[in-house]
Amino acid sequence: MSYEPGASHEVATGDALEARLKAYEGEPAAVARAGKDAVNAPMIRHWCEAMGDTNPAYSGPDAMAPPTMLQAWTMGGLSGHSGRTHAYDELLGLLDEAGCTSVVATDCEQEYLRPLRPGDEITFDSVIESVSERKTTKLGTGYFVTTRTDIHVGTDLAGTHRFRILKYTPGRRAEQQQPDRRQRPPRPRPVVNRDNAGFWEGVRRRSLLIQRCTDCGTLRHPWLPGCNACGGLEWDTVEASGEGTVYSYVVMHHPPFPAFDPPYAVVLVELAEGVRMISNVVGVPYDKVRIGMPVRLEFQVYDDESVLPVFRAREEAA
Ligand code: ZN
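What counts as what
Residues numbered from 1 in each chain as written. Predicted model: local features only at pLDDT ≥ 70, side-chain atom pairs only at ≥ 80, totals over all residues. Heavy atoms only, no water. Donors = N, O, S within 2.8 Å, 3.2 Å for Na, K, Ca; no water. Tetrahedral: all angles 85-135°; square planar, octahedral: opposite > 155°, others 65-115°. Buried < 20%, exposed > 50% of the residue type's maximum accessible area, 1.4 Å probe, protein only. Helix = DSSP H or I, 4+ residues; strand = E, 2+ residues; numbered from the N terminus. Arc of directions from axis to C-beta. Contact = heavy atoms within 4.5 Å. Pairing = 2+ DSSP bridges. Domains from an automatic or database assignment. pLDDT = per-residue confidence, 0-100. Phe/Tyr/Trp six-rings, centres within 6.5 Å; stacked < 30°, edge-to-face > 60°. Lys NZ or Arg CZ within 6 Å of the ring centre and 35° of its normal.

Moving on, we get to the coordination of the zinc ion. The reference angle at a metal is 109.5 degrees if four donors form a tetrahedron and 90 or 180 degrees if six donors form an octahedron. Distances from the zinc ion to its protein donors, namely Cys 213 (SG), Cys 216 (SG), Cys 227 (SG) and Cys 230 (SG), fall within the range 2.2 to 2.4 Å. Here the zinc ion is ringed by four donor atoms whose angles at the metal span 102 to 114 degrees, and the overall shape comes out tetrahedral. By relative accessible area, Cys 227 is classed as buried at 6%. Classification of Cys 230 by relative accessible area gives partly exposed; the value is 43%.

Among all positions in helix 5 (residues 197-204), only Phe 199, Gly 202 and Val 203 are buried. For helix 5, the angular spread of the buried residues around the axis is 100 degrees, confining them to a single face. Buried residues belonging to helix 5 abut strand 7 (209-213), strand 12 (276-279), strand 14 (294-301) and strand 15 (307-313). At the C-terminal side of helix 5, Arg 206 shows a positive phi close to 60 degrees.

Pairing between strand 10 (residues 243-252) and strand 14: three bridges, direction antiparallel. Bridging across to strand 14, Gly 244 finds its partner in Val 295. As paired strands, strand 14 and strand 15 are joined by seven bridges and run antiparallel to one another. Along strand 15, the bridge assignment pairs Gln 300 with Leu 308.

Under the domain assignment used here, the chain contains domain 1 (14-171), domain 2 (191-239) and domain 3 (242-318). Of note, the centres of domain 1 and domain 2, computed from C-alpha atoms alone, are 52 Å apart.

We now examine the confidence of the model for the chain. Residues with a pLDDT of 70 or more make up 90% of the chain, whose mean pLDDT is 89. Considering each helix and strand of the chain separately, the mean pLDDT is smallest for helix 4 (residues 172-176), with a value of 52, and largest for strand 7, with 98. Note that residues 1-9 has pLDDT below 50 and, in this model, ten contacts with residues that lie over four places away or in other chains.

So, about the environment of Val 281. Position of Val 281 relative to the elements: it lies in strand 13 (residues 281-282). Judged by relative accessible area, which is 11%, Val 281 ranks as buried. Residues Val 281 and Leu 113, 168 residues apart in the sequence, show an inter-C-alpha distance of 59 Å. Beyond its immediate sequence surroundings of up to four residues, Val 281 is in contact with Val 246, Val 267, Val 289, Val 295, Phe 311 and Ala 313.

Sheet architecture is open: three strands sit in the order 8-7-9, paired in antiparallel fashion. Unpaired on one side and paired on the other, strand 8 (219-220) and strand 9 (235-239) mark the two borders of the sheet. Strand direction decides the pairing type here: strand 7 and strand 8, joined by two bridges, are antiparallel. The partner of Gln 211 across the bridge, within strand 8, is Arg 220.

A few words now on the packing of aromatic side chains. Applying the stated criterion across every chain yields a total of four aromatic pairs. For the pair Phe 199 and Trp 200, a centre-to-centre distance of 5.1 Å together with 85 degrees between the ring planes defines the contact as edge-to-face. Given a relative accessible area of 6%, Phe 199 falls into the buried group. Measuring from centroid to centroid gives 5.5 Å for Phe 260 and Tyr 264, while their planes differ by 25 degrees, and the two rings are stacked. Owing to a relative accessible area of 17%, Tyr 264 belongs among the buried residues under this scheme. Through successive ring pairs, a cluster of aromatic residues spans Phe 199, Trp 200, Trp 223 and Trp 235. A cation over a ring is seen here: Arg 187 above Tyr 302, with NZ or CZ 3.9 Å from the ring centre.

With that settled, the discussion passes to the side chain of Gln 211. Here Gln 211 lies in strand 7. Owing to a relative accessible area of 1%, Gln 211 belongs among the buried residues under this scheme.

If you want it as structure tokens, here you go:
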């Protein structure tokens, strides 16, 4: 087929679109590309560490690469590969024009025919294997596009990697899943467990309790079963004065949790007693929070009646 740009300026729909999409089946997506690096021990080691795979077959003088690394040897990295074909880009462009502007990777299948070992230099070819009929999924309506990549060492076929995406028009269902600020879900509740129940009981009584080791006197927060200074398991509590300073902070922009309104500052407060805790600063805009800012404890009651210790910027306090 021809890849002449501008062959048609009309946006194809329905059967005409499907016919145009089907025409890409069998077209190349990559031809005779070479792996950026020969199969090598450092990449194998990094992969095994990331995957937690300690199989002895992947290390030592007779090491082979984990078969599931197959695609890794074909990847172009940030700079990509040169010599790409236009067919795949054209196909995706056609789908974009038809309104299928969203994409999700759905699955991949691999076949292994020959082990890859350090020193092997791979080449690969990709083909657009199939374009599905129009399908409606929970995400929306669109087309599954499957590419098949054959990985060779010399003339040996080492393996095959099939990769499938769905290019689709987002459905109403997806729109409805956007957070609706009028029906805001409640804030996440604190996780109260056997080790920290005393802390939350203190908060309920509007008292910020710090754990103190009764063996060595070291204060600790958050609450833990044992002392990290001496290992002692016995403890009592002291009530925090409520004075502190901002030790550090971050401003949250993303991800947008539905119960919160970004941007907002999350602070690590150093209490006058010396321990630090994560909280929020109130009474000051998020972009005015600064390291070293003096703050004072207060307890804030939220919509769902949960109570949390927060810190008010002291210049702003009454
Ligand atoms: Zn101790």
